Amino acid sequence: MSQSYCAFSDEALVHLVCNQDDEVAFTELYRRNVKSLVGHAIRKTGSKSVAEDLVQETFVKFWLGRHKFEVRKNIGAYLNGILKNSIITHYHREQRQQIVPLEEAENPSADDTQQHLDMNVLSELYNQSLLKLPLKCRQAFELRRQGHSLKEIAAAMDISEKTVEAHISKALKILRIEMKDYIALALLGIAFV
């Protein structure tokens, strides 16, 4: 039965999934996209099992939200967006799960104090570097870091989404240049500890 769906375009499959709850069409979309999504997730997480879980979660989210999906959107880009958010959420969960034993929390070692100082210096350098960005570039970058979508930022700043992307790319390039020396020194310091 799914053989007949192989000839369907992604748009036709999405239409069947979103408007008719067609599970066979959903399976075909899964088959077409799963390999590239898992590959992308492995590159981001470094773990095949985590990547497979995140991709599974991506397809579950798509299925559950299928009635809200705008059929004219590119399904590949949409699934990549869901996966990206799942990867970010995964990293946030990982950070929260790093538990520090009580005795270490009460008696920080010299290394912890140094790391804290290094983070303060890095944070200050980051803030100074942000101030060096052109105003619109900084606004777009900070709004994106606060979790706003490109569409929301474009509407708020009264510019196109492409212009927002250009501002964010420019900000990242400037920040990389501004902070490269400190990051290299910090990495060297870690290597010699």
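Nothing here was measured: the structure is a model prediction, and the numbers come from that model. (Residues numbered from 1 in each chain as written. Predicted model: local features only at pLDDT ≥ 70, side-chain atom pairs only at ≥ 80, totals over all residues. Heavy atoms only, no water.)

1. Concerning the environment of K73
Argument step 1. Structurally, K73 can be placed in the loop between α3 (48-64) and α4 (75-97).
Argument step 2. Among the residues examined, K73 registers a relative accessible area of 38% and is labelled partly exposed.
Argument step 3. For the pair K73 and V14, spaced 59 residues apart in sequence, the C-alpha to C-alpha distance is 9.4 Å. (Helix = DSSP H or I, 4+ residues; strand = E, 2+ residues; numbered from the N terminus. Buried < 20%, exposed > 50% of the residue type's maximum accessible area, 1.4 Å probe, protein only.)

2. Let's talk about the nonpolar core
Argument step 1. One finds V17, L29, V55, F59, F62, I75 and L83 to be the most contacted residues of the largest nonpolar core, which totals 25 residues.
Argument step 2. Listing elements by their share of this core, those giving two or more residues are α1 (10-20), α2 (23-45), α3 and α4.
Argument step 3. Ranked by residues supplied to this core, first place goes to α2 with seven residues.
Argument step 4. Not counting residues within four places of it along the chain, the set of residues in contact with V17 comprises D22, A25, F26, L29, F62, W63 and R66.
Argument step 5. By size, the runner-up hydrophobic cluster in this structure holds 13 residues, among which are A140, L150, V164 and L175. (Core = buried A, V, L, I, M, F, W, Y, C linked by side-chain atoms within 4.5 Å. Contact = heavy atoms within 4.5 Å.)

3. Some remarks on the side chain of H90
Argument step 1. Relative to the helices and strands, H90 is located in helix α4.
Argument step 2. Aside from chain neighbours lying at most four places away, what touches H90 is T45, V50 and L54.

4. So, the packing of helix α7 (residues 135-145) against helix α8 (residues 150-157)
Argument step 1. For the pair α7 and α8, the least separation of the axes is 10 Å and the interaxial angle reads 140 degrees. Comparing their axes, α8 and α7 come out oblique. With respect to the hand of their crossing, α7 and α8 are arranged in right-handed fashion. Seen from α7, the contacting residues are K136, Q139, A140, L143 and R144; seen from α8, they are L150, I153 and M157.
Argument step 2. Residue composition of the contact of α7 with α8, by class: five nonpolar, one polar and two charged. (Axes fitted to C-alpha atoms, helices over the stretch in contact; angles between N-to-C directions. Parallel < 35°, antiparallel > 145°, perpendicular 65-115°, else oblique. Left-handed = near helix turned anticlockwise from the far one by under 90°. Nonpolar A, V, L, I, M, F, W, Y, C, P; charged D, E, K, R; others polar.)

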